[in-house]
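Structural overview for review
Next come the chains, spelled out residue by residue.
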Amino acid sequence: MKNPLISLFLWLGKKFPQPPHPFNTAKNGIMRLNYSDFEYKGAEEIWKYYKNAIDFHSLRGKTVLDLACGAGGKGVWFAEKYGAKIIGIDISPHFIEQAKTCAKEHSVEEFCDFRVGDALDTKLDTESVDYIVLHDALEHIPNTENLFHECHRVLKCGGLLLFNFEPYYHFFGHHIWDVIPIPWLHLITTESFRVELYKTAVTKYPDAKDRIGFRIGKNSNGKEAFTYLNGITRRKFMNIRKKFLENDLFRVVYEEFRTLRRFPLNKLGKLPVLNELFVNTQIGVWEKMGKKD
């Protein structure tokens, strides 16, 4: 018998509009968690985050590291439009397979090197890349501080780190809105409940097993949890940011946090503490400090 509270939240989830999500788009009639087309089509909007800091036309021939690159769609778009050399690293062999296919479909294989790897240990040479892109990645990679140290290691002096992410208390910070588009669900439920809720909600999808495997794993206590989230809040991020700036590892070139647009939510996003709930996206462009070649 289904848990009545699970049934209640499944019903409640239907009362909210379902935003477009790549997991809910089928390719050739088969739902395979395909991200590449979704990323490619949305890439131009992503790069607009950084337009006030960078002239992308100057990147022809430069090396861009796309960390946690997903299915490579944004890197492929970047290589195609600007002629940049793309190194894409992701922990998922499935996504890397999609990325290579996407690069081939757009005839930019010679510009793209997609590989399975760990963002915290890229195996790249020190000071070997000109730019690093972390799009929608900081909230998924286990240790943000270690991640920034690895970015600092592989960046050339004067190289730029570009990132944007949704802090954990963001209205969809639970990251299960592909089937449960209830805002701030993670603030009113326990993680164990959300695991059960998600596993129940995806049973109607043909790729339910893939979705569960992608999102849910075992935590250090051996319990099922959303292990692909690290719970990075805006406050945690700002504390880490402070360390890197005070130690002169990076300097800020551009920074912005975007709030929900509707009044009065946009005003609440400017207030201390409450901004954790109403910040939509944290954006940053950092330059690696040191002597340039």
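Computed from a predicted model, the values in this text were never measured in an experiment.

Digging into the packing of aromatic side chains
Applying the stated criterion across every chain, the model contains 30 aromatic pairs. Relative to F214, the ring of F23 lies with its centre 5.5 Å away and its plane at 75°, an arrangement referred to as edge-to-face. Taken together, the positions of F23 in the loop between α1 (4-13) and α2 (36-47) and F214 in helix α8 (residues 208-215) put the pair 191 residues apart, joining distant regions of the chain. Residue F23 is classed as buried on the basis of its relative accessible area of 0%. A residue is classified by how much of its surface remains accessible, and F214, at 31% relative accessible area, is partly exposed. Pairing F244 with F250 gives two aromatic rings, centres 6.1 Å apart and planes at 45°, and the pair type is tilted.

Here we look at the sheet that holds strand β8 (residues 250-259)
One open sheet accounts for seven strands, arranged β3-β2-β1-β4-β5-β9-β8; its pairing is mixed. Pairing within the sheet leaves two strands with one partner each, and these edge strands are β3 (112-116) and β8. Here the average twist between neighbouring strands, direction ignored, is 15°. Bridging between strand β2 (residues 85-90) and β3 involves five bridges; their strand directions are parallel. Counterpart to D90 in the pairing with β3 is V116.

Side note on the nonpolar core
One finds F56, F78 and F114 to be the most contacted residues of the largest nonpolar core, which totals 32 residues. Counting only elements with at least two residues in this core, the list comes to α2, α3 (73-82), α4 (93-105), β3, β4 (129-135), β5 (155-165) and β9 (279-288). In terms of residue count, α3 provides more of this core than any other element does, five residues in total. With residues up to four places along the chain from it excluded, the contact list for F114 reads C69, G72, V76, I86, G88, I96, A99, K100 and A103. The next biggest cluster of nonpolar side chains, apart from the first, holds 26 residues, and it includes I89, A137, F163 and F237.

With respect to the environment of H94
Topologically, H94 is positioned in helix α4. Separated by 160 residues in the primary sequence, H94 and Y254 have C-alpha atoms spaced 34 Å apart. In terms of polar contacts, H94 uses its side chain to reach the side chain of Q98, at 2.9 Å.

Examining the packing of α2 against α3
Remark: α2 packs on α3, axes separated minimally by 7 Å, with the N-to-C direction vectors making an angle of 60°. By the angle between their axes, α2 is oblique relative to α3. Crossing geometry of α2 relative to α3 is assigned as right-handed. Where α2 abuts α3, its residues S36, E39, Y40, A43, E44, I46 and W47 lie against G73, K74, V76, W77, F78 and E80. In terms of residue class, the contact of α2 with α3 is made up of seven nonpolar, two polar and four charged.

Comments concerning the pattern of salt bridges
Taken as a whole, this structure holds 15 salt bridges when the rule is applied. In this structure, the salt-bridge partner of E255 is R241, at a minimum N-O distance of 2.8 Å. Here R241 lies in helix α9 (residues 234-246) and E255 lies in strand β8, a separation of 14 residues in the sequence. Under the relative-accessibility criterion, R241 is labelled buried at 18%. In this structure, R258 engages E256 in a salt bridge whose closest nitrogen and oxygen atoms are separated by 3.1 Å. Here the salt bridges share partners, and the residues they tie into one network are D178, D207, R211 and R215.

Describing unusual backbone geometry
For K123, which is not glycine, the phi torsion reads 70° and is therefore positive. As for its placement among the helices and strands, K123 is situated in the loop between β3 and β4. Here the phi dihedral of W184 falls at roughly 55°; this positive angle occurs in a residue that is not glycine. Within the secondary structure layout, W184 lies in the loop between β5 and α6 (185-188). Judged by relative accessible area, which is 23%, W184 ranks as partly exposed.

Rules behind the numbers
Residues numbered from 1 in each chain as written. Predicted model: local features only at pLDDT ≥ 70, side-chain atom pairs only at ≥ 80, totals over all residues. Heavy atoms only, no water. Phe/Tyr/Trp six-rings, centres within 6.5 Å; stacked < 30°, edge-to-face > 60°. Helix = DSSP H or I, 4+ residues; strand = E, 2+ residues; numbered from the N terminus. Buried < 20%, exposed > 50% of the residue type's maximum accessible area, 1.4 Å probe, protein only. Pairing = 2+ DSSP bridges. Axes fitted to C-alpha atoms, helices over the stretch in contact; angles between N-to-C directions. Core = buried A, V, L, I, M, F, W, Y, C linked by side-chain atoms within 4.5 Å. Contact = heavy atoms within 4.5 Å. Polar contact = N/O pair within 3.5 Å; in protein donor to acceptor, adjacent residues only side chain to side chain. Parallel < 35°, antiparallel > 145°, perpendicular 65-115°, else oblique. Left-handed = near helix turned anticlockwise from the far one by under 90°. Nonpolar A, V, L, I, M, F, W, Y, C, P; charged D, E, K, R; others polar. Salt bridge = Lys/Arg side-chain N within 4 Å of Asp/Glu carboxyl O.

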